[in-house]
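# Working through the structure, step by step
This is what each chain is made of:
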Amino acid sequence: MEHITASFRSQADREQAAEALRKQGVVDLQFESGPAGGALTPGTFAMSRGDLAADTRGSWLMQILVESSRRRQAEDTVALFGGQY
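Now for a description of the structure that goes with this document. (Residues numbered from 1 in each chain as written. Predicted model: local features only at pLDDT ≥ 70, side-chain atom pairs only at ≥ 80, totals over all residues. Heavy atoms only, no water.)

Overall, the coordinates contain three salt bridges when judged by the stated rule. Its salt-bridge partner being Glu 2, residue Arg 71 comes within 3.1 Å of it at the nearest N-O pair. In this pair, Arg 71 is assigned in helix H2 (residues 71-80) and Glu 2 in strand S1 (residues 2-8), connecting sequence segments 69 residues apart. Among the salt bridges present, the one from Glu 75 reaches Arg 71, with a minimum N-O distance of 2.8 Å. In this pair, Glu 75 and Arg 71 both sit in helix H2, four residues apart, roughly one turn of the helix. (Salt bridge = Lys/Arg side-chain N within 4 Å of Asp/Glu carboxyl O. Helix = DSSP H or I, 4+ residues; strand = E, 2+ residues; numbered from the N terminus.)

This part takes up the side chain of Glu 75. Note on Glu 75: relative accessible area 10%, which makes it buried. At 2.8 Å, the side chain of Glu 75 forms a polar contact with the side chain of Arg 71. When near neighbours in sequence (up to four residues on either side) are disregarded, Glu 75 contacts Ile 4 and Tyr 85. (Buried < 20%, exposed > 50% of the residue type's maximum accessible area, 1.4 Å probe, protein only. Polar contact = N/O pair within 3.5 Å; in protein donor to acceptor, adjacent residues only side chain to side chain. Contact = heavy atoms within 4.5 Å.)

Moving on, we get to the packing of helix H1 (residues 11-24) against H2. Each pair of packed helices gets described by two things: the angle between the helix axes and the distance between those axes. Interaxial distance between H1 and H2 falls to 9 Å at its minimum, and their mutual angle equals 155 degrees. Between H1 and H2, the angle falls in the class roughly antiparallel. The crossing of H1 and H2 is right-handed. Taking contact as the criterion, the partners of Ala 17, Ala 20, Leu 21 and Gln 24 in H1 are, on H2, Gln 73, Ala 74, Thr 77 and Val 78. (Axes fitted to C-alpha atoms, helices over the stretch in contact; angles between N-to-C directions. Parallel < 35°, antiparallel > 145°, perpendicular 65-115°, else oblique. Left-handed = near helix turned anticlockwise from the far one by under 90°.)

One key point about sheets: their strands pair by backbone hydrogen bonds, in either a parallel or an antiparallel sense. Strands sit in the order S1-S3-S2 across an open sheet of three strands; the sheet is antiparallel. The open sheet has two free edges, formed respectively by S1 and strand S2 (28-33), since each of these has just one partner strand. Averaged over all pairs of adjacent strands, the angle between their axes in this sheet comes to 20 degrees, without regard to strand direction. In the sheet, S1 pairs with strand S3 (residues 60-66) via seven bridges, with the strands oriented antiparallel. The residue bridging Glu 2 from the neighbouring strand is Val 66, located in S3. Against the sheet, H2 contacts S1 and S3, and its axis sits at roughly 5 degrees relative to S1. (Pairing = 2+ DSSP bridges.)

Dropping the structure here:
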């Protein structure tokens, strides 16, 4: 199993990437938002109310757990939706 941490410029980009990653069969996804945000329930798109207007690089984080053989595919998907890992 491999862990990947990705940051996104917007919540929408992160949501699109998460949906694509789910279709690829990732093992688990966890989300964080903003510098004060904590880990959230896997599979949800919950976020802190204070971060609704955030649009800075690294504000929308996603932790991805994927099988080692699918790491490259997950990294490509993150990049496709503007994420950085």
